[in-house]
Each structure stands twice: as C-alpha cells, then as structure tokens.
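An overview of the molecular structure
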Amino acid sequence: MGTNKQLNRSFKHTSTIFDQLFQQYSQIGFKKTHILKAWQQCGNNQQTFHEELIKISEQENAKFMNEEDLFNSQMQLKMQLQQIEQEDLKIAIQLSLDQNAQSKPIISEDRSNKSTPVGLKNLGNTCYMNAMLQSLFNVLPFRKFILELELKDNQSLASNFLLQLQQLFLMLQETNQTYTSPYNLFEALQKFKPSAMFIRGIQNDFNELQNSFLDAIEQALKEEDFEQKKKQFCEMFYGEAKEILSYKENDQEIIKFNDTTFGSISIEAADKDLEKGFLNTRVLIIDDYETDNKEKTKAKIDQNIVQAPFLISFYINRVYYDAKQKSVCKNNTQFNFNSSLNINQFKTIYQGQKNQELQKLDEEEQRILNQLKSLGDSKEEVEESFNKIIKLFKRTEGQIDNLVTIDGFCICDEKTANPNIIPSDQMLFQLESYKDKIMITDQLLTDQLERIQEQKKNLLKSDQNMYLLTAVLMHDGSANSGHYYCYVLDKKDQTTWWKCNDSTVTKVDFAQVYKDACGSNRVNSNVSGLIYEQEKWLKVDKIEINEKLLSVLQEEKDKQLLAQDEQKVLNRKPIILQQIQQQKNRLVKHKDQLEREFERFSNFDQFLSSVNQNVYLYYVTLSTVQQDILLIKDQLNKPQEVNNYTKYFITQTNLITANYENELKKLKDEYLMINSLLQQLPLRNITNANYPEVIRQYYTILKSISEIKSCSALASHLRRMYEVLLLKGCFFVDLSLQTKNIEACKEISQCLLIQINQNQFIDKLIFQQVLANLKGSSEQAKLITKTTEIADQIIKIQSKGEQQIGLKQLEFKSLESEIPQLQRLRDDELKLWVKQYEKIKGEQKLLDQNDRQNEEVLSYFG
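Everything numeric in this text was worked out from a predicted model, so none of it was measured. (Residues numbered from 1 in each chain as written. Predicted model: local features only at pLDDT ≥ 70, side-chain atom pairs only at ≥ 80, totals over all residues. Heavy atoms only, no water.)

Here's the deal with the overall build of the protein chain
For clarity, the threshold we go by: Strands here mean DSSP runs of E at least two residues long; helices mean DSSP runs of H or I at least four residues long; both are numbered from the N terminus. Three labels apply to residues, based on accessible area from a 1.4 Å probe with only protein chains included: buried if under 20% of the type maximum, exposed if over 50%, partly exposed otherwise in between. Two residues form a contact once any of their heavy atoms are found within 4.5 Å. Throughout, the Shrake-Rupley method with a 1.4 Å probe supplies accessible areas, and for residues the shown protein chains are the sole cover considered.
A tally of regular secondary structure across the protein chain gives 31 helices and 19 strands. The buried share of the protein chain, reckoned over its 862 residues, is 49%. Partitioning the contacts of the protein chain with sequence separation of at least 6, the portion at a separation of at least 24 is 72%. Of the roughly 43600 Å² of accessible surface on the protein chain, 48% is carried by carbon and sulfur atoms.

As structure tokens, this is what we get:
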C-alpha cells in the first residue's frame, strides 16, 4: 500500500478500489473533484458511491444551467453510469458463460448424495430459465408430483412438454454428471407455449417466465385430462383470497366481497422489507372509484388470504420508470427478509400481531445478519484481506523507506528514533490481534445464527401458517439486461445452501446468501425473488419412478457410461501422439540399397512412407489409435464399442482430416503382391541343373516389379542381380562342356539366348558380353565334340522357348530372414560375376575371354 493513503477500518475497501473508481469515472467525463467529494460523502461505501456522485454532479450543474440544459446533463450522466453498469455486468455474465464453454460435463464417479444439486447448461441467455427450474426442482412435493405422472403415449405438444420436464427432473435427481442440459425442455416449451419465452435478457424475465411456465403446466395437465392432478397442482402454487371492497355512497358504508386466486406476489423493492411489502400488497386505495350509480368516490380494497398455497413465491420488483430521464431504471436498494414467514397476519386484518416469540427471533436474526454483513465478505475473504495487510509489516529491518499512514497512525521501521511514530512490529501485533478478534466474532455470530434458525424451525412445526425460506433468486445487472442465478436450501439437513449459477454449483451458508442478496458483493447484484414453503413440505416420501422413466434413466446411464469411456479414450491422446512420433522416427536398419528394399517390403509403414506421405500419416495414426484403444479395452464400460470409440477419438481430436481408405487399400494390395514376389526370388543353391528355371523365375519377378511405379528402385537393383546371373549362366555353359554334359550346355545356352533376345532389362554391354562368352563356348564345344553343328546350337536360338514362368500369390511374410541369404548369394556364390559386372560397367568394355576363363577355372572345382 502506498504512502499517505488512509486504510478503511473494515479492511474491505482499500485505496486500490478508490484508484480504480477514480480512473474509471474520470475517463468518461466526471470531474475529479466531484469523484473525490462523492467518495468522502458516501463514507468510502462503494454501494452508494454511484448515487452520491450523480447527486453532486446534478447539484453543481444546476447552478449554471437552465432546465433544458440540466435535463440533457442528467441524461448524459445517466448514459455514463449505464456504460459503467454494462462493463460491470459483462463480468457476471461472462463468468457463467465461461463455465459453460467446456465441451461436455465432468462426470462424477459417485453422486451418492442426491441432495447435492446438479447444474444446468446455459443455452445462451437462458440463465433466468435455469434459475427458475432449479428453484422449482428444489420443491420436493412438486418434484414428486412431476416424476410420478403417468403420461399417455401420444405425440401431442402438451404431452411432450410434460415428458421433457419429467425427464429433466429425472436427470437433475439421478445423473452423476455435474450439470445437464435443459435444451429438450426449452424446445418443448417453445413449441407448446411460444409466448412463455417471449422476453429475454430483461429484469422481469424470471417472474414472466415462471408465471408462463406454471400456466403451461396447468394447461398441459388440462389437455391431457389430468383433472385431479391439475387440482393438486393448483393447490401447490395458487392460493385463495377474499377481496373486501369498501367505500361510502350517500353517507352509507358499502362493503362488497369477491373471491379471487393468487400466485406469485409482486412486491416493490422500495418497501425495503418483505413483510412491509407484503402488507402493502394487501391494501389498495382507489381515489376515483366509480360506483354503480356512476359516481366517483374514494374506495379501499383489502385482500385477505383465505387459503394459502403450499408454496408462496415473491417477486421483488426493482424496475421503475424515470419520467425525467425517460428510461427504465433498476432500484438497487437493500431488501430485507427473514428465513421464515408467518402469514397469519395476512389472512385477516383483524387477527392481530403475529407470534411474539417468533417476532423476537426474527429481530435477533436480522441483527446478527447485519453484524455479519458489517464484517465484510466471507470469512475466508476477510482473512485473506488481513493477511495482505499484515504482509506489509513482515519486512526485514530497515526495508520501509517512506512513512505509511494507517488509521491516522504513522508506521516506520524499528530504527526510527521518533517516539511519536509506532514501530512496525507493534503495528503487526495489533493487526494480528484484530484479525483474530474478527475471525472469532464471525464464528460466534454464525453459530448464534444457526441456533436462532433452529429455534424458529421448532416453532414452525406447531403452526401450519409458518413458512420457511427455501430459495433466493438473484439478479446481477441493470434494468435492461443482466444475469440470473439462485440459492436453494438443502432439504436434507435444512442448514446448507447451494448456489446454482448455470452449470456451476457451490456450497454456501445462509449468512453468505444474505450478504449477496443485500448487494454486499456487487452493488447491482441483489435479491429478485423469494420462495417460502410450509415446513411439512420440506420432506416427502420416497419418489416412485415409473417403468418408462426407469428406461429413460437406464438410457441416460448408458450414455454416461459411454461418455466415461469416451473421456478415457480422449485422455489417451498424449500417449497416442507420442507413439505416432516414435513410429515416424523408426530407423532403417540396413545400409545396402537392395537389403533396404527387402526391409521396406517387410514393413508396411516404411513402404507407405516411401510412396505417399499423406496415406502413410493416415495409416500410422489410424493403426496407432486402434492398437492403443485395444490396450485399454478391458478398462472400458462398453468394450464392445471399441470400434466406435476409435471413430469418436479421431473425430474429436482431428488427427485425421481426410479419408485415404481407398488409396490405402490399393497400396496395401500392391505391397502384398511385391512381398509375395520377393518371397519367391531364388537366393540359394543355384546350379547348372536348376539354372534355366532360376533365370526364368528371376526374369518373371523382375518384369512384374518393373511394371509398378513405386518399385523403380527395387527393379533397378534386381535388374543388376539379373544381369550378374546371366554372366554366371555363361560359366554354367563352360562348366557343362568341361564335364562333357553337352545337353546341359545346350539347354543353358538356349535359355540364355532366349533371355537376352529382345530383353529391355539388359544393358547393351552385358548383352554383347553374353554373346561373346557364348561364342567362345561354341568354339570350345567344337573342339570337345569334334563337330561343327554344336556351335549353332550354342549361339543360335533353335526353337522358341519360355522366357518366364508362372508364380503364386503367397501370404504375407517378413523378408528379414531372406536378407542373410541375399548377402550370401552376392558375397559368395555370385562374388566373381559381381566383380565381372562391375568391371564391364566401370570400364565400359567387354572382358577378355582368356582373362575371364582363367578367373573362372578355380570355380570349376568349387
């Protein structure tokens, strides 16, 4: 806290509040001197500061302005004040809307205490409806009445309205969620009685809606032929009264009687007290009453309650029209009420005063409530305020450089020698003592309040005309807009109160309810309605729920179980994202290009990643989600819905934004086909006996793979292997000659000629090398066989043979085990011919036949 700022003794309003008000009002045009004067004259009371500032400004302006200018000035001041109200109101409305911004209600594992209220979702400017529904649902006999209705199976608007009300009450009573949605009821009411929702966002929303809502229930019961139920309903909410009209005519006292019914009772906030306002509604003075003889006279109407309803609802009318400003305004004056109400005094004007003992308890209760209010906000908030102030004095020695003035005392550090200044350690001791005193006082007053209210309850048990307060409806805002919420009494212990602010429900005590209702928390937030119930109504027998509602309840429980599962699935998102990233970061194990291709067609992820990134990401995400959700399958309430949970997860997280299912299927088929081809690639025991079959199989596989666009790299590596095998085939021709296996020599020669003839996979140099090798072999054959015909059988195609063979479609198998065989083939069986191939390609010329044959001599014996 800065220097030279005096601290209010209550520790409620600090200089920070004044600074905020000063800045706010000066920015919109109020004079700084007027703001300071208003703050002083209102005694640093934020509740009366607004009115005081306007009064000072009007008085100042009146000295210099004519009537018209003064009126314009007043209108401008009113508009400025409304700007402040609107900004202030946004805080209250946004508080509720922010709480409803969550995508779905939190689910409680166990809501065993069914007396704990469930919140209602704000559908958009429907806080007034939520407050009304919460207050009515808290009326246990009415709840029992609605839930035990045996509705007919028809499609009428009336029946649907009652059904939706029934189902909403069922959810409010039985659900394990912290809030539920009144959307279906809202729609049903609009369809059945459109006029019920015609005013939205205005001060009288609550009262208008409640009257229309109760009318709708009565009308629906009538349309559905619930005559007895309709009568029972009216006894709950409507009372009977007798109007006594009295006036003088020709010096004769005329008295007339008229029987009427009444429901919600409207009381002016200007009366400032419930009982006073209630009495004022019982008497009506008519100055110009027209008699039967068409004469004007003064008349009085007294309205006496004959039969009170089980529930009495009061509407506190705070809206009034200011003729000078030509606008509606809200009266934010404090309105007092007690936790109980004796209506005997309102049943007849001749019955006398109400029970003296109860009146004494009412007065004592009001006194304690006023004392609690004077202590500030809740006990926790007061303690927090104290701690903030105390913190100022818990400093290291010498830390305070400037003097601080508090309640007229100057505070300094311990080293100050001035005897007229209080040391900070002494002030700290005083503050802590004062804090302890306030805390103890608050607790004592709260305990006294509970004892008085318990005594009142005991008195009420012996009087059927005694009513207990069970709901307080609140309005926060101006005359033209605002936010509604309510407090309801816990009927189980009849001590606890619950604040129902749309979807948020919090536990409070009656002292806090009263403070809020009096505007202690916010000047524009105050009581708008009160509901009192007969004491015998506070508890009911067990509510019997019919079979239809039980089925609805089971459906709702299934939905909740489903919602629990969905939440569990959504909670896996961080883990799934981590797994997806790990999949992307998987390293290829093999460095050799051909070995990598074998690895690629053993791992579908790697294959997809290499051909189509979009399809790859789709597949990795989908498969990871599926596998992860399967891991928690046994933890789910409905494991049979695991496929639907996968779809739900993908929809809610937007991890997949496009469907590549068709592309994925196509690439999967392609992948399996290539895997099957590579499984059939001969990698071991190539001899002169099986060579013709091996080379035809290689060619068949190479041709098939070369036709696939995504396999260009694989085809290139296989082509190299194929050409190496052709070079080794020439060796097998020579080997057959050396072993004088002339038939094998001719067969392999013809096979080679057929393979290289019109073959697009053979390099020109390799083609020429094979022909050169065969020509050399033919010369050797002539020497060995001593015939010339053999040469043509080796270097010329004798008959058209098969270049390729048929292959099977095999089941998928990892090719990892084939990689060692591939390595052995290249590094062992084909090592010499790989070397020949690299020399031909490197030097771009054919091998010398003598050099070639000399290199291969040792292989004849291997």
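Concerning a positive patch on the surface
Stated precisely, the cut-off is as follows: Surface patches are drawn from residues lacking salt bridges whose relative accessible area is over 30%; two like charges belong together within 9 Å, two nonpolar side chains (Val, Leu, Ile, Met, Phe, Trp, Tyr) within 5 Å. The term salt bridge refers to a pairing of a side-chain nitrogen on Lys or Arg with a carboxyl oxygen on Asp or Glu at a separation within 4 Å. Note on charges: Lys and Arg go in the positive column, Asp and Glu in the negative column, and His and the chain ends are not counted at all. To locate a charge, take atom NZ for lysine, CZ for arginine, CG for aspartate or CD for glutamate.
Taken together, the side chains of Lys-831, Lys-835, Lys-839 and Lys-845 make up a positively charged region of the molecular surface. Positionally, Lys-845 belongs in the loop between α30 (831-843) and α31 (849-856).

A word on the environment of Leu-214
Residue placement: Leu-214 occurs in helix α9 (residues 205-223). Classification of Leu-214 as buried rests on a relative accessible area of 5%. Not counting residues within four places of it along the chain, the set of residues in contact with Leu-214 comprises Leu-136, Phe-233, Phe-237 and Tyr-238.

Overview of the pairing of strand β8 (residues 311-317)
Inclusion rule: Following DSSP output, two strands are said to pair if at least two bridges run between them.
For β8, the tally of buried residues reaches 7 of 7 residues, placing the bulk of the element in the interior. Burial of the side chains of β8 extends over both faces: Leu-311, Ser-313, Tyr-315 and Asn-317 are buried on one face and Ile-312, Phe-314 and Ile-316 on the other. Relative to β8, strand β5 (residues 265-268) runs parallel, the two sharing 4 bridges. The residue of β8 that forms the bridge with Ile-265 is Phe-314. Of the pairings in the sheet, the one linking β8 to strand β19 (residues 525-534) comprises 5 bridges and is antiparallel in character. Bridging across to β19, Ile-312 finds its partner in Tyr-532.

Focus on unusual backbone geometry
One non-glycine residue, Asp-502, adopts positive backbone phi at about 55°. In this structure, Asp-502 sits in the loop between β17 (497-501) and β18 (504-508). When its relative accessible area of 3% is taken as the criterion, Asp-502 is described as buried. Despite not being glycine, Gln-844 has its phi angle at roughly 55°, a positive value. Locating Gln-844 in the fold gives a position in the loop between α30 and α31. Exposure remark for Gln-844: the relative accessible area of 51% places this residue in the exposed category.

Some thoughts on the side chain of Asn-526
For clarity, the threshold we go by: Distance and chemistry together define a polar contact, namely a pair of N or O atoms within 3.5 Å, with one atom able to donate a hydrogen and the other to accept it when in protein, and with adjacent residues in sequence counting only for side-chain atoms on both sides.
Position of Asn-526 relative to the elements: it lies in strand β19. Reaching out from Asn-526, the side chain makes a polar contact with the side chain of Arg-318 at a distance of 3.2 Å. A polar atom in the side chain of Asn-526 sits 3.2 Å from the side chain of Lys-330. Setting aside chain neighbours within four positions, we find Asn-526 in contact with Arg-318, Lys-330, Asn-332, Leu-473, Met-474, His-475, Asp-516 and Ala-517.

Description of the packing of aromatic side chains
The condition that has to hold: Pairing of aromatic rings covers Phe, Tyr and Trp, the last counted by its six-membered ring, and requires centre-to-centre distances within 6.5 Å; plane angles under 30 degrees mean stacked, over 60 mean edge-to-face, and any other angle means tilted.
With the rule as written, the count across this model stands at 29 aromatic pairs. Between the aromatic rings of Phe-142 and Phe-237, the centroid separation amounts to 5.1 Å while the plane-to-plane angle is 90°, which identifies the pairing as edge-to-face. With a gap of 95 residues between them, Phe-142 in helix α6 (residues 140-147) and Phe-237 in helix α10 (residues 227-237) connect regions that are remote in the sequence. The residues Phe-142 and Phe-237 share a single accessibility class, namely buried.

Side note on the pairing of β18
For β17 and β18, the ladder comprises 5 bridges, and the chain directions are antiparallel. Looking at β18, one finds that Trp-498 is bridged to Lys-507. The antiparallel pairing of β17 with β18 creates a hairpin that spans 2 residues between the two strands, and Asp-502 there sits at a positive phi of about 55°.

Examining the pattern of salt bridges
Under the definition given, this model contains 29 salt bridges. A salt bridge links Glu-364 to Arg-367; its shortest N-O distance comes to 2.3 Å. Placement of the pair is Glu-364 and Arg-367 together in helix α13 (residues 356-374), with a separation of 3 residues, close to one helical turn. In this structure Glu-364 comes out as partly exposed when scored by relative accessible area, which is 27%. The network of salt bridges with shared partners includes Glu-290, Lys-294 and Lys-296.

Regarding the environment of Ala-308
In this fold, Ala-308 is placed in the loop between β7 (296-307) and β8. With sequence-adjacent residues up to four places away left out, Ala-308 is seen in contact with Gly-239, Ile-343 and Tyr-467.

Description of the packing of helix α25 (residues 712-738) against helix α27 (residues 764-785)
Heads up, the condition is: Working convention: axes come from line fits to C-alpha atoms, limited for helices to the stretch in contact. Angles between N-to-C directions cover 0 to 180 degrees. Here is the rule for angles: anything less than 35 degrees is roughly parallel, anything more than 145 is roughly antiparallel, 65 through 115 is roughly perpendicular, and the remaining ranges are oblique. When residues are grouped by polarity, Ala, Val, Leu, Ile, Met, Phe, Trp, Tyr, Cys and Pro land in nonpolar, Asp, Glu, Lys and Arg in charged, and all others, Gly among them, in polar.
Contact geometry of α25 with α27 gives a least axis separation of 10 Å together with a crossing angle of 0°. Comparing their axes, α27 and α25 come out roughly parallel. Facing α25, whose interface residues are Glu-723, Leu-726, Leu-727, Cys-730, Val-733, Asp-734, Leu-737 and Gln-738, α27 presents Ile-766, Gln-769, Val-770, Asn-773, Leu-774, Ser-777, Gln-780, Ala-781 and Ile-784. Residues that form the contact of α25 with α27 fall into these classes: 10 nonpolar, 5 polar and 2 charged.

Observations regarding the packing of helix α7 (residues 157-174) against helix α17 (residues 547-570)
Here is the rule: In a left-handed crossing the near helix is turned counterclockwise from the far helix by less than a right angle, and in a right-handed crossing that turn is clockwise.
Contact pair α7 / α17: the axes reach a minimum separation of 10 Å and the direction vectors enclose 55°. When the interaxial angle is binned, α7 and α17 end up oblique. The crossing of α7 and α17 is right-handed. Counting all contacts with α7, which are made through Gln-166, Gln-167, Leu-170, Met-171 and Glu-174, the residues of α17 involved are Leu-549, Val-552, Leu-553 and Glu-556. Of the residues in the contact of α7 with α17, the class split is 5 nonpolar, 2 polar and 2 charged.

Concerning the side chain of Ser-313
Counting through the fold element by element, Ser-313 comes out in strand β8. Judged by its relative accessible area of 6%, Ser-313 is buried. At a separation of 2.9 Å, a polar atom in the side chain of Ser-313 contacts the side chain of Gln-210. Apart from residues lying up to four places away in sequence, Ser-313 is in contact with Gln-210, Gly-263, Ser-264, Ile-265, Leu-530 and Ile-531.

A closer look at the sheet that holds strand β3 (residues 239-249)
Read from one edge to the other, the open sheet built from 4 strands follows the order β4-β3-β7-β6, with strand pairing classed as antiparallel. Looking at strand neighbours, the two that pair on one side only are β4 (252-262) and β6 (283-290), the edges of this open sheet. If you compare each strand with its neighbour and ignore which way they point, the axes differ by 25° on average. With 6 bridges joining them, β6 and β7 adopt antiparallel strand pairing. Bridging across to β7, Tyr-289 finds its partner in Thr-297.

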